[in-house]
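Chain by chain, the residues run as shown.
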Amino acid sequence: MVKISPSILSADFANLERDIQRISTADYVHVDVMDGMFVPNITIGIPVVKAIRPVTALPLDVHLMIVQPGRYVRQFCEAGADLVTMHVEADTEENLRAAIDAVHSAGKRAGVVVKPGTSAEAVRPYIRDVELVLVMTVEPGFGGQSFMADQMGKVRAVREMIDAFNPACELEVDGGVGPDTFRACIDAGANVLVAGSAVYGAEDIPARIRLLRG
Ligand code: DX5
Ligand code: ZN
């Protein structure tokens, strides 16, 4: 069963409650947190996670595009994140392990993310310890970019790793996923699809979510 995690980066921030209710048939709410350092953009943070927590029953899938994410994971968990993902490029392995442990101590799920230029091998040290791996299919920083089909080999490699070492782990893709690209992601082994512009740009959002599930 493929799950859909619409990114609220493409929502209307002046009407966030309404736009989160519009995706109530999805499986997660994807929250893109950017710090202007790890990526060249600044979006939303802990107070917004806290504010949206009561307006949806869906789990909050919080994608941290920030340097040294361990500094803030506890606060994101307390604000209502259900799943916290952090980039392997954002800190040392030792610090990321501590951050993953902190998420688990808060009773939440943890995941690691790889940018397009980072290999599948970078995920291997964490594979037994996370509930999700996210493979970026655009350079993180902005919504509405073109899907990088050349990342599908990496998705397949991570799928093999998951099947071998941690079959319950989810495999998510993020960036440029829409009606023309979702099938390649599913075929490569992804089971969670993030979609921002493809969901919020649709005339009929529930129909678009159904379509992307395959
Ligand atoms: C990019 C973000 C994505 C983005 C996806 O840095 O991580 O979640 O919002 O947007 P679309 O689906 O429009 O590429
Ligand atoms: Zn994201």
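For clarity, every value in this text was computed on a predicted model and none was experimentally measured. (Residues numbered from 1 in each chain as written. Chains lettered and ligands numbered in written order. Predicted model: local features only at pLDDT ≥ 70, side-chain atom pairs only at ≥ 80, totals over all residues. Heavy atoms only, no water.)

Engineer: I would appreciate a short explanation of the overall build of the protein chain in the present structure.
Structural biologist: Within the protein chain, the secondary structure is distributed over 8 helices and 8 strands. Here the C-alpha radius of gyration of the protein chain, 16 Å, is about what a compact globule of 214 residues would show, namely 17 Å. Expressed along its principal axes, the backbone C-alpha trace of the protein chain runs to roughly 45 × 35 × 30 Å. Contacts spanning at least 24 positions in sequence make up 65% of the contacts within the protein chain whose residues lie at least 6 apart. For the protein chain, the accessible area works out to roughly 8900 Å², and carbon and sulfur atoms hold 50% of it. Charged side chains in the protein chain number 20 positive and 28 negative. The centres of these two groups are separated by 3 Å. (Helix = DSSP H or I, 4+ residues; strand = E, 2+ residues; numbered from the N terminus. Rg over C-alpha atoms; globule rule 2.2 N^0.38 Å. Contact = heavy atoms within 4.5 Å. Areas by Shrake-Rupley, 256 points an atom, 1.4 Å probe, with all protein chains shown as cover. Lys, Arg positive; Asp, Glu negative; His and termini not counted. Charge placed at Lys NZ, Arg CZ, Asp CG, Glu CD.)

Engineer: Quick question: what am I supposed to make of the layout of surface pockets here?
Structural biologist: Left-over empty space is what a probe sized like a water molecule reveals as it rolls over the atoms. Space inside the largest pocket adds up to approximately 290 Å³. Lining the largest pocket are 29 residues, with Gly 143, Gly 144, Asp 174, Gly 175 and Gly 176 sitting closest to its centre. Secondary structure elements with two or more residues in the lining of the largest pocket: strand 2 (29-34), strand 3 (60-65), strand 8 (192-195) and helix 7 (197-200). Across the lining of the largest pocket, the residue classes break down as 12 nonpolar, 14 polar and 3 charged. (1 Å grid on protein atoms, 1.4 Å probe; cavity = no way out; pocket = protein on both sides within 12 Å on 5 of 7 lines; lining within 4 Å. Points joined across faces, edges and corners; volume = space filled by probe spheres on them. Nonpolar A, V, L, I, M, F, W, Y, C, P; charged D, E, K, R; others polar.)

Engineer: Looking at this model, I keep getting lost on the pairing of strand 8. Mind explaining?
Structural biologist: Note on strand geometry: in a regular strand, side chains alternate between the two faces of the sheet. Burial of strand 8 is two-sided: the residues Val 192 and Val 194 facing one way and the residues Leu 193 and Ala 195 facing the other way are all buried. In this structure, strand 1 (residues 3-6) lies alongside strand 8, joined through 4 bridges in parallel fashion. When the sheet's bridge partners are listed, Ile 4 is paired in strand 8 with Leu 193. For strand 7 (residues 170-174) and strand 8, the ladder comprises 3 bridges, and the chain directions are parallel. Residue pairing in the sheet places Val 173 in a bridge with Leu 193 of strand 8. In terms of handedness, the path from strand 7 via helix 6 (residues 182-188) over to strand 8 forms a crossover that is right-handed. (Buried < 20%, exposed > 50% of the residue type's maximum accessible area, 1.4 Å probe, protein only. Pairing = 2+ DSSP bridges. Right-handed = clockwise from strand over helix to strand, strands pointing away.)

Engineer: Looking at this model, I keep getting lost on helix 5 (residues 152-165). Mind explaining?
Structural biologist: Residues spaced three or four apart along an α-helix point in a common direction, a consequence of the helix completing one turn every 3.6 residues. Taking 1.5 Å per residue as the helical rise, helix 5 with its 14 residues ought to reach 20 Å, and the 20 Å between its terminal C-alpha atoms agrees with that figure. Taken together, the buried positions of helix 5 are Met 152, Lys 154, Val 155, Val 158, Arg 159, Met 161 and Ile 162. (Expected span 1.5 Å × (residues − 1).)

Engineer: Could you clarify how one ought to interpret the pattern of salt bridges in this entry?
Structural biologist: Across all of its chains, the model carries 11 salt bridges by this definition. A salt bridge links Arg 18 to Asp 12; its shortest N-O distance comes to 3.7 Å. The class of Arg 18 is partly exposed, set by a relative accessible area of 36%. Salt-bridge contacts for Arg 124 lead to Glu 121; the nearest nitrogen and oxygen are separated by 2.7 Å. A cluster of three or more residues bridged by salt bridges with shared partners is formed by Asp 12, Arg 18, Asp 19 and Arg 22. (Salt bridge = Lys/Arg side-chain N within 4 Å of Asp/Glu carboxyl O.)

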